[in-house]
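In case you want the letters, here they are:
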Amino acid sequence: MLTLLAVAVAAATPAPPALNPIQANALRCAVVFARGARLQAAGSPAATSWPELQTRGREYFVRVTAKLMDETEASREDIAALARAVPGLDSDAAVVAAMPACLPQLAAAGL
């Protein structure tokens, strides 16, 4: 009986939305900026050459996630789950390596 209930709940829970490549890249960079801000706050030498990310990166993250919720009609929880699941950013070195490709998006957003 519990197995049937679990299957019914899983079936009733919609999967997070699939993102198109532009949306996925924007979310990836939002995560890169969030993790980069943590590196800056921790005084990481690798983060000293980046622009300030505590405020600017947070604003980019907020804008991107709000836009994704509008475009996909996903919930905040769905977008948060997608952000947690962005692949390839599981280490500080990966964030440092990803930052150069993301910085132009920060400037393009006017931040």
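Residues numbered from 1 in each chain as written. Predicted model: local features only at pLDDT ≥ 70, side-chain atom pairs only at ≥ 80, totals over all residues. Heavy atoms only, no water.

Enquirer: Even after reading the chapter, I still don't get the packing of helix α2 (residues 21–41) against helix α5 (residues 92–108), so can you show me in this structure?
Expert: In helix packing, the relevant descriptors are the interaxial angle and the interaxial distance, both defined with respect to the helix axes. α5 packs onto α2 with a crossing angle of 120° between their chain directions and a minimal axis gap of 8 Å. Taken together, α2 and α5 sit at an angle that is classed as oblique. Considering only the axes of α2 and α5, their crossing is left-handed. The segment α2 lies against α5, with Asn 25, Ala 26, Arg 28, Cys 29, Val 32, Phe 33, Arg 35, Gly 36 and Leu 39 engaging Asp 92, Val 95, Val 96, Ala 98, Met 99, Cys 102, Leu 103, Gln 105 and Leu 106. (Axes fitted to C-alpha atoms, helices over the stretch in contact; angles between N-to-C directions. Helix = DSSP H or I, 4+ residues; strand = E, 2+ residues; numbered from the N terminus. Parallel < 35°, antiparallel > 145°, perpendicular 65-115°, else oblique. Left-handed = near helix turned anticlockwise from the far one by under 90°. Contact = heavy atoms within 4.5 Å.)

Enquirer: Sorry if this is basic, but what is going on with the packing of helix α3 (residues 56–72) against helix α4 (residues 76–84) here?
Expert: Put simply, α3 and α4 touch, their axes get as near as 10 Å, and they point 120° apart. Judged on the interaxial angle alone, α4 and α3 are oblique. Our pair here, α3 against α4, has a crossing hand that is right-handed. Judged by residue contacts, Phe 61, Thr 65, Leu 68, Met 69 and Thr 72 of α3 engage Arg 76, Ile 79 and Ala 83 from α4.

Enquirer: I would appreciate a short explanation of the confidence of the model for the chain in the present structure.
Expert: Fine structural detail should not be taken from predicted coordinates in areas where pLDDT scores are low. Per-residue confidence for the chain gives a mean pLDDT of 89; residues scoring 70 or more make up 86%. Of the regions scoring below 50 in pLDDT, residues 4–11 engages in zero contacts with residues more than four places distant in sequence or in other chains. (pLDDT = per-residue confidence, 0-100.)

Enquirer: Just to check I follow, could you spell out the nonpolar core for this structure?
Expert: Across soluble globular proteins, nonpolar side chains have a tendency to be buried as a group. Ranked by size, the top nonpolar core spans 27 residues in total, and within it Val 32, Phe 33, Leu 53 and Tyr 60 carry the most contacts. It is α2 that contributes the most residues to this core, nine residues altogether. Excluding anything up to four places from it in sequence, Tyr 60 contacts Ala 26, Cys 29, Ala 30, Phe 33, Gln 105, Leu 106, Ala 109 and Leu 111. (Core = buried A, V, L, I, M, F, W, Y, C linked by side-chain atoms within 4.5 Å. Buried < 20%, exposed > 50% of the residue type's maximum accessible area, 1.4 Å probe, protein only.)

Enquirer: Please clarify how the side chain of Gln 23 should be interpreted in this entry.
Expert: Its place among the elements puts Gln 23 in helix α2. Since its relative accessible area comes to 10%, Gln 23 is described here as buried. In terms of polar contacts, Gln 23 uses its side chain to reach the side chain of Glu 71, at 2.7 Å. Discounting residues that sit within four places of it in the chain, Gln 23 has contacts with Ala 18, Leu 68, Glu 71 and Thr 72. (Polar contact = N/O pair within 3.5 Å; in protein donor to acceptor, adjacent residues only side chain to side chain.)

Enquirer: Which parts of the structure should I look at to understand the state of the cysteines?
Expert: Linking two cysteines covalently via their sulfur atoms produces the bond known as a disulfide. Using the criterion set out here, one finds one disulfide in the structure. Paired through a disulfide, Cys 29 and Cys 102 show a sulfur-sulfur distance of 2.1 Å. Across the S-S bond linking Cys 29 and Cys 102, the dihedral sits near -80°, which makes this disulfide left-handed. Of this pair, Cys 29 sits in helix α2 while Cys 102 sits in helix α5, and the two are 73 residues apart along the sequence. Take Cys 29: its relative accessible area is 1%, and that puts it in the buried class. Note on Cys 102: relative accessible area 2%, which makes it buried. (Disulfide = S-S within 2.5 Å.)

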